Protein chains: 2
Amino acid sequence: MNKPSAFLSKTEILDAAEQTLRRFGPDKTSVTDVAKLLGVSHGTLYRHFPSKAALREAVTERWLDELILAPLTEIAAAAAGNALEQLRKYIAKLIELKHHYAEQDSEMFKMYASVTEEASELIDTHIQRIISQMGSVIDKGIQEGTITPIAGTETIARSLFYATARFHHPSHAYEWHSGSIGQEFEQLWTILARGLAAVTS
Amino acid sequence: MNKPSAFLSKTEILDAAEQTLRRFGPDKTSVTDVAKLLGVSHGTLYRHFPSKAALREAVTERWLDELILAPLTEIAAAAAGNALEQLRKYIAKLIELKHHYAEQDSEMFKMYASVTEEASELIDTHIQRIISQMGSVIDKGIQEGTITPIAGTETIARSLFYATARFHHPSHAYEWHSGSIGQEFEQLWTILARGLAAVTS
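Residues numbered from 1 in each chain as written. Chains lettered and ligands numbered in written order. Predicted model: local features only at pLDDT ≥ 70, side-chain atom pairs only at ≥ 80, totals over all residues. Heavy atoms only, no water.

## A closer look at the overall build of chain A
Phase 1: Within chain A, the secondary structure is distributed over ten helices and zero strands.
Phase 2: Its helices and strands taken in sequence order, chain A reads α-α-α-α-α-α-α-α-α-α from the N to the C terminus.
Phase 3: Its C-alpha atoms give chain A principal-axis dimensions of roughly 75 × 35 × 25 Å.
Phase 4: Per-residue burial for chain A yields a buried fraction of 49% across its 201 residues.
Phase 5: Restricting the contact set of chain A to residue pairs at least 6 apart, pairs at least 24 apart contribute 68%. (Helix = DSSP H or I, 4+ residues; strand = E, 2+ residues; numbered from the N terminus. Buried < 20%, exposed > 50% of the residue type's maximum accessible area, 1.4 Å probe, protein only. Contact = heavy atoms within 4.5 Å.)

## Remarks on the environment of Glu-18 of chain A
Residues and elements named next belong to chain A.
Phase 1: Mapped onto the elements, Glu-18 comes out in helix H1 (residues 10-24).
Phase 2: In sequence terms Glu-18 and Val-34 are 16 residues apart; their C-alpha atoms lie 8.9 Å from each other.
Phase 3: Not counting residues up to four positions away in its chain, the partners in contact with Glu-18 are Val-59, Arg-62 and Met-108.
Phase 4: Looking at Glu-18, its side chain comes within polar contact range of the side chain of Arg-62, at 3.2 Å. (Polar contact = N/O pair within 3.5 Å; in protein donor to acceptor, adjacent residues only side chain to side chain.)

## Let's talk about the interface of chain B and chain A
Phase 1: At the interface, 29 residues of chain B touch 30 residues of chain A.
Phase 2: Carbon and sulfur atoms make up 66% of the area that chain B and chain A hide from each other, which totals about 2600 Å².
Phase 3: The three residues of chain B that bury the most area against chain A are Tyr-162, Ile-191 and Arg-194 of chain B, which together make up 28% of that side's buried surface.
Phase 4: In this structure, the connection of chain B to chain A is made through nine residue pairs in polar contact (both at pLDDT 80 or more).
Phase 5: Here the element with the most residues in the side of chain B that touches chain A is helix H10 (residues 181-196) of chain B; it accounts for nine residues. (Buried area = accessible area lost by both parts, 1.4 Å probe.)

## Re the pattern of salt bridges
Phase 1: Summed over all chains, the structure comprises 24 salt bridges over all chains.
Phase 2: The closest approach of N and O atoms between Arg-22 of chain A and Glu-107 of chain A, which form a salt bridge, is 3.6 Å. Of this pair, Arg-22 of chain A sits in helix H1 while Glu-107 of chain A sits in helix H6 (residues 106-117), and the two are 85 residues apart along the sequence.
Phase 3: Note on Arg-22 of chain A: relative accessible area 28%, which makes it partly exposed.
Phase 4: We note a salt bridge from Glu-18 of chain B to Arg-62 of chain B, for which the minimum N-O separation is 3.2 Å. Within this pair, whereas Glu-18 of chain B is found in helix H1 (residues 10-24), its partner Arg-62 of chain B is found in helix H4 (residues 52-77), the two being separated by 44 residues in sequence. The pair Glu-18 of chain B / Arg-62 of chain B is uniform in exposure class, with both members buried.
Phase 5: Connected through shared salt-bridge partners, Asp-15, Glu-18, Arg-22, Arg-62, Asp-105 and Glu-107 of chain A make up one network. (Salt bridge = Lys/Arg side-chain N within 4 Å of Asp/Glu carboxyl O.)

## Considering the relation of the copies chain B and chain A
Phase 1: For the match of chain B to chain A, the screw axis carries a shift of 0.0 Å, the RMSD comes to 0.0 Å, and the turn is 180°. The superposition of one copy onto the other is thereby described by a two-fold rotation axis.
Phase 2: Here 100% of the contact residues of chain B are again contact residues in chain A; the copies associate through an equivalent surface. (Least-squares fit on C-alpha atoms with pLDDT ≥ 70 in both.)

## Notes on the UniProt feature "domain: HTH tetR-type" (unreviewed entry) in chain A
Phase 1: On the UniProt side, "domain: HTH tetR-type" (unreviewed entry) is annotated at positions that read residues 7-67 of chain A here.
Phase 2: Here residues 7-67 of chain A runs as 75% helix and 0% strand, with 27 Å between its end C-alpha atoms. (UniProt positions renumbered as here; feature names shortened; annotations may be inferred.)

## Considering the packing of helix H4 (residues 52-77) of chain A against H6 of chain A
Residue and element names in this part refer to chain A.
Phase 1: It is at 10 Å that the axes of H4 and H6 come closest, and there the two elements cross at 110°. What the angle tells us is that H4 and H6 run roughly perpendicular. Relative to H6, the crossing made by H4 is left-handed. Judged by residue contacts, Arg-56, Glu-57, Val-59, Thr-60, Trp-63 and Leu-64 of H4 engage Met-108, Phe-109, Met-111, Tyr-112, Ser-114 and Val-115 from H6.
Phase 2: Taken together, the residues of the contact of H4 with H6 sort by class into eight nonpolar, two polar and two charged. (Axes fitted to C-alpha atoms, helices over the stretch in contact; angles between N-to-C directions. Parallel < 35°, antiparallel > 145°, perpendicular 65-115°, else oblique. Left-handed = near helix turned anticlockwise from the far one by under 90°. Nonpolar A, V, L, I, M, F, W, Y, C, P; charged D, E, K, R; others polar.)

## Here we look at the UniProt feature "DNA-binding region" (unreviewed entry) in chain A
Phase 1: In the UniProt entry, the feature "DNA-binding region" (unreviewed entry) is given for residues 30-49 of chain A.
Phase 2: Along residues 30-49 of chain A one finds 75% helix and 0% strand; the C-alpha atoms at either end are 10 Å apart.

## Topic: the side chain of Arg-56 of chain A
Phase 1: For Arg-56 of chain A, the position within the fold is in helix H4.
Phase 2: The buried category is assigned to Arg-56 of chain A, whose relative accessible area is 13%.

## Examining helix H10 (residues 181-196) of chain A
Phase 1: With 16 residues, H10 of chain A should reach 22 Å at 1.5 Å per residue; the first-to-last C-alpha distance of 22 Å fits that figure.
Phase 2: What H10 of chain A keeps buried is the set Ile-181, Glu-184, Phe-185, Leu-188, Trp-189, Ile-191, Leu-192, Ala-193, Gly-195 and Leu-196 of chain A.
Phase 3: Where H10 of chain A is buried, its residues meet helix H5 (83-104), helix H8 (153-163) and helix H9 (165-168) of chain A together with helix H8 (153-163) and H10 of chain B. (Expected span 1.5 Å × (residues − 1).)

## Describing the packing of aromatic side chains
The relative placement of two aromatic rings is captured by the distance of their centres and the angle of their planes.
Phase 1: One pass over the structure, following the stated rule, counts 18 aromatic pairs over all chains.
Phase 2: Note on Trp-63 of chain B and Phe-109 of chain B: the rings are 6.4 Å apart at their centroids and 75° apart in plane angle, and the pair reads as edge-to-face. Here Phe-109 of chain B lies in helix H6 (residues 106-117) and Trp-63 of chain B lies in helix H4, a separation of 46 residues in the sequence.
Phase 3: When its relative accessible area of 4% is taken as the criterion, Trp-63 of chain B is described as buried.
Phase 4: With relative accessibility at 4%, the residue Phe-109 of chain B sits in the buried group.
Phase 5: Following the ring pairs from residue to residue traces out a cluster consisting of Trp-63, Tyr-101, Phe-109, Tyr-112 and Trp-176 of chain A.
Phase 6: Lying across the ring of Tyr-162 of chain B, Arg-166 of chain A places its NZ or CZ 3.5 Å from the centre. (Phe/Tyr/Trp six-rings, centres within 6.5 Å; stacked < 30°, edge-to-face > 60°. Lys NZ or Arg CZ within 6 Å of the ring centre and 35° of its normal.)

Structure follows, in structure tokens:
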């Protein structure tokens, strides 16, 4: 009855893993549960996910790539407009997406939050991609003369990412219910934008 | 054998609560344990601490007042020097103290972290005091002409507090082991200081 794993696509495996994690919760899901759902042997699935942690990470990685990074990539790739405004939009979108999923898909969000606190390589890679995308917008701003090269491009991007952590880092989700949170980001952005803007005289 | 509570000072009660919390941990400490240590009745102590949560909050409050706020108050009260530099020192001290206690007194720090996530009034009050102190330094900077009144004083202070949350909010303690964290604060500060500084032409 068991299918050989060669017939399983990565998508099928991740779909089954996500479905199982949603059904039983991250703490109670085992690799065996996912194997059962797919009708493959435990050993077959262990080759894909050597541990429960690997299972959680793989599903979180797909979630981050498809639901967080993909919409951000669109903003970073837009050619038109002022770079500083593009940067604001990029961070505002990151914040909007995090708040949306914290509220609308709290199961996945909690799993992502716990993977984040385990400080996995996967999260480092995800952050690095965001930093690189922000960096390319900053580069454009320096080229067009709207952003001052106050430091290296990556350094500036990283500073902005950290400066806005309260608004997008999952550990702060408990603070996002406050009605003034959107306004607080805009107020902070006013200072950051002024700190980045080239002085036009 | 039991003493009447009138003979107990607030300090004695808090000392006993802190000692008990350190011995048994925040989850296992009960109001009865503290009463036992003090040799008073359970009922007597309940008048001071109606719940375990109240016990944890009272001890956390003293810890925040004496070990975090007191050294910050000194910096805010200093009359000499440039306000922007004083503000940097204030935030750097806040960060230094948090990192120090996360490392050197991890029991108390963990209790403080959990009280923070319960989003208690006590934490709001503590943050409000910090915002007010930062606000008074910003006011001085506006008076002396080194800081631009880009927004209301409290708004600016709150933005700076949030912008640096990654460096002092207890949920980020797991990130503080990174060797580059001090440098990352300084890099962010460069942008913030530029965003706040009055343009001298």
